[in-house]
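Below, each chain spelled out in residue letters.
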Amino acid sequence: MAKQVMLKFTDVPRLMPEKREADARTEDFDEIYRQFADAKAAEQASRCSQCGVPFCQTHCPLHNNIPDWLKLTAEGRLHEAYEISQATNTFPEICGRICPQDRLCEGNCVIEQSGHGTVTIGSIEKYITDTAWEKGWVKPIQPARERTESVGIIGAGPGGLAAADMLRRAGVQVTVYDRYDRAGGLMVYGIPGFKLEKYVTERRNTQLSEGGVELRMNVNVGEDISFSDIKDKHDAVVIATGVYKSRDLAGPGAGLGGIVRALDYLTASNKHTLGDHVPEFENGELNAEGKRVVVIGGGDTAMDCVRTAIRQGATSVKCLYRRDRANMPGSQRETQNAEEEGVEFVWLAAPKGFTGEGSVKGVMVSKMRLGAPDATGRQSPEEIPGGDYVEDADLVIKALGFEPEDLPALWGQPELEVTRWGTVKADFRTHETPMKGVYAVGDIVRGASLVVWAIRDGREAAEAILSQFAATSKPVAAE
């Protein structure tokens, strides 16, 4: 039986991450840490008012039954809390880490709205599922029976993997094709490890693989295998490629060395963290150490870049955004975290060119002001005459958002219908495209969006595919 250890407030400083390694030698540490974490989760969960209209649930894209698993957590019934949490979310421990709760569930908590500080829903969600993995409550994928139908999924990001999980649990034969060498998409290569530890995604990949999902990595559709071949091989196809084409900047000096894309920078950092040999990181091209860094953009990717640069040892990190703080598209919580870590935000500042010879030495900046609202009601930035100046920089990271690649051209499928923005057309309920048997989910339909929306799309597409299979009623394979 586990030794009971009483936790005192004087023990709390010992639980800080920088203290843990030194204190790990004490035999009581793990038990103290567990009791403290249990107590904090229960304390926060007990603050839920169990309101009649759960705005936290309605503002969650997955409509997770948040009040119920908070109540169970407050009562110490973590196993039951986990069962309810995972019933509607394929990857709750991932959402608990990276969802912008401040503008979803937590931001709409009635406790928050009343001025008493939100219930920390994301941290509790993360803790519940981390505990479930530790305790062995997360079970392997074991279909009750195998089906003969097969589904090909193009893209191993959150949307594709969520669909794969649900389909495989129903006994469907699933093959996932992805151009990269690890499954996870931007969860592996785009999101830094300090926000989403790599093992968290890797253990889900292992669960899928051991459960019978075939992960075919380093496969570039349109080059290594044709879309037609995938479509002919499977009873249904799910397009879950995400959007990876970076928006660019024009202007004088745009081709100078040291001006890089956010995705290239983050991918190099993440691969280095994973132990890969990354020449561009090692030679300093995609490494912020010792450099004056300027990040251009105001979204979540920009926040990932500035916080990564701080951790790499940049001498200074500035973020330029052409609007003000209130109009920033990224998470306010992320912005606050970045400021606390030493990032300087330069609001109402737009780049118009770059200085330097061979390598960038500065960003030519125009000071801006907010003018009349545009068609969406958002105020449009206007240049202030005579307000130009130069921000010194040794490394400039462009975090201006992402656009879809031209899939019809890349795949030789002109009949694959896309919108005027280049996203794939699909039914918003079933996610089926006008091409029969072909579905599309996540960013390739929505444009650059959140992981949680991709998970929802993947789950909904899987449900639609299973309904279609039930209607055609192919015979079940022998067990």
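Colleague: Residue-level account of the overall build of the protein chain, with values.
Modeller: Per the secondary structure count, the protein chain includes 19 helices and 15 strands. At 24 Å, the protein chain has a C-alpha radius of gyration in line with the 23 Å of a compact globule built from 479 residues. A principal-axis box enclosing the C-alpha atoms of the protein chain has dimensions of 75 × 65 × 45 Å. Each of the 479 residues in the protein chain was classed as buried or not, and the buried ones make up 49%. Sequence-distant contacts in the protein chain: of pairs separated by 6 or more residues, those separated by 24 or more amount to 68%.

Colleague: Could you give an account of the state of the cysteines, with specific residues and numbers?
Modeller: By definition, a disulfide links two cysteine residues through a covalent bond between their sulfur atoms. Scanning all chains against the criterion turns up 0 disulfides. In this structure Cys95 is not part of a disulfide, and its nearest cysteine sulfur, from Cys99, lies 4.1 Å away. Its sulfur unpaired, Cys305 is 9.1 Å from the next cysteine sulfur, which belongs to Cys319.

Colleague: Quick one: what's the story with the confidence of the model for the protein chain, residue by residue and with numbers?
Modeller: Residue-level pLDDT values for the protein chain average 92, and 92% of them are 70 or greater. For residues 1-20, every residue scores under 50 in pLDDT, and the model assigns this stretch 30 contacts once sequence neighbours within four places are set aside.

Colleague: Can you explain the pairing of strand E12 (residues 379-392)? Please cite residues and give values.
Modeller: One ladder, built from 9 bridges, connects strand E11 (residues 359-373) with E12; its direction is antiparallel. Of the residues in E12, the one forming a bridge with Val365 is Tyr389. Between E11 and E12, which pair antiparallel one after the other, the connecting turn spans 5 residues, and Gly377 there sits at a positive phi close to 95°.

Colleague: Lay out the environment of Ser269 with the relevant residues and their values.
Modeller: With respect to the helices and strands, the residue Ser269 is situated in helix H13 (residues 262-273). On the basis of relative accessibility, which here comes to 12%, the residue Ser269 falls in the buried class.

Colleague: Requested: an account of the pattern of salt bridges, with residues and values cited.
Modeller: Considering all chains together, one arrives at 35 salt bridges under this definition. Between Glu93 and Arg204 there is a salt bridge, with the nearest N and O atoms lying 2.8 Å from each other. Taken together, the residues Glu93 in helix H6 (residues 92-98) and Arg204 in helix H11 (residues 198-210) connect sequence positions 111 residues apart. A single burial state applies to Glu93 and to Arg204, both of which are buried.

Colleague: Explain the sheet that holds strand E1 (residues 150-154) to me, using residue names and the numbers behind them.
Modeller: Across the sheet, 5 strands lie side by side as E3-E2-E1-E4-E15; this open sheet has parallel pairing. On the outer flanks of this sheet lie strand E3 (214-216) and strand E15 (438-440), each paired with one strand and no other. For this sheet, the mean inter-axis angle between neighbouring strands, taken without regard to orientation, is 20°. Note that strand E4 (residues 236-239) and E15 share 3 bridges and pair parallel. Bridge pairing in E15 places Val238 opposite Tyr439.

Colleague: Give me the lowdown on the nonpolar core, citing residues and values where you can.
Modeller: Core analysis: the biggest nonpolar cluster contains 66 residues, and Leu70, Val151 and Ile153 have the highest contact counts within it. Examining the composition of this core, we find that 8 residues originate from one element, helix H19 (residues 451-472), more than from any other. Aside from chain neighbours lying at most four places away, what touches Ile153 is Gly160, Ala163, Ala164, Leu167, Val174, Thr175, Val176, Tyr177 and Val238. Within the second largest apolar cluster, 27 residues are counted, among which are Val260, Tyr265, Leu286 and Ala309.

Colleague: With reference to specific residues and values, describe the packing of helix H15 (residues 300-312) against helix H16 (residues 332-340).
Modeller: Direction vectors running N to C along H15 and H16 enclose 20°, while the axes themselves pass 10 Å from each other. With respect to each other, H15 and H16 are oriented roughly parallel. Our pair here, H15 against H16, has a crossing hand that is left-handed. Facing Met303, Asp304, Val306 and Arg307 of H15, the residues of H16 in contact are Glu334, Thr335, Asn337 and Ala338. Per-class residue counts for the contact of H15 with H16 are 3 nonpolar, 2 polar and 3 charged.

Colleague: I'd like a description of the sheet that holds strand E10 (residues 349-357), backed by residues and values.
Modeller: Spatially, the 3 strands line up as an open sheet ordered E10-E11-E12, and their pairing is antiparallel. Each edge of the open sheet is held by one strand with a lone partner, namely E10 and E12. Along the sheet, successive strands turn relative to each other by an average axial angle of 20°, direction set aside. Note that E10 and E11 share 8 bridges and pair antiparallel.

Colleague: How would you summarise the environment of Leu450 if you had to cite specific residues and measurements?
Modeller: Here Leu450 lies in the loop between helix H18 (443-446) and H19. On the accessibility criterion, Leu450 (16% relative accessible area) is buried. In this structure, the C-alpha to C-alpha distance between Leu450 and Glu357, residues 93 residues apart in sequence, is 39 Å. Ignoring anything within four residues of it in the chain, the contact list for Leu450 reads Pro100, Arg103, Leu104 and Asp300.

Colleague: Lay out H16 in plain terms, naming residues and giving numbers.
Modeller: Buried residues of H16: Glu334, Thr335 and Ala338, and no others. Projected onto a plane normal to the axis of H16, the buried residues spread over an arc of 100° and lie on a single side. For H16, the secondary structure elements touched by its buried residues are H15 and strand E9 (344-346). Its side-chain oxygen at 3.2 Å from the backbone nitrogen of Arg333, Ser331 defines the N-terminal cap of H16. Taken from the residues just after H16, Gly342 is the one with a positive phi, measuring 110°.

The rules we used
Residues numbered from 1 in each chain as written. Predicted model: local features only at pLDDT ≥ 70, side-chain atom pairs only at ≥ 80, totals over all residues. Heavy atoms only, no water. Helix = DSSP H or I, 4+ residues; strand = E, 2+ residues; numbered from the N terminus. Rg over C-alpha atoms; globule rule 2.2 N^0.38 Å. Buried < 20%, exposed > 50% of the residue type's maximum accessible area, 1.4 Å probe, protein only. Contact = heavy atoms within 4.5 Å. Disulfide = S-S within 2.5 Å. pLDDT = per-residue confidence, 0-100. Pairing = 2+ DSSP bridges. Salt bridge = Lys/Arg side-chain N within 4 Å of Asp/Glu carboxyl O. Axes fitted to C-alpha atoms, helices over the stretch in contact; angles between N-to-C directions. Core = buried A, V, L, I, M, F, W, Y, C linked by side-chain atoms within 4.5 Å. Parallel < 35°, antiparallel > 145°, perpendicular 65-115°, else oblique. Left-handed = near helix turned anticlockwise from the far one by under 90°. Nonpolar A, V, L, I, M, F, W, Y, C, P; charged D, E, K, R; others polar. Arc of directions from axis to C-beta. Polar contact = N/O pair within 3.5 Å; in protein donor to acceptor, adjacent residues only side chain to side chain.

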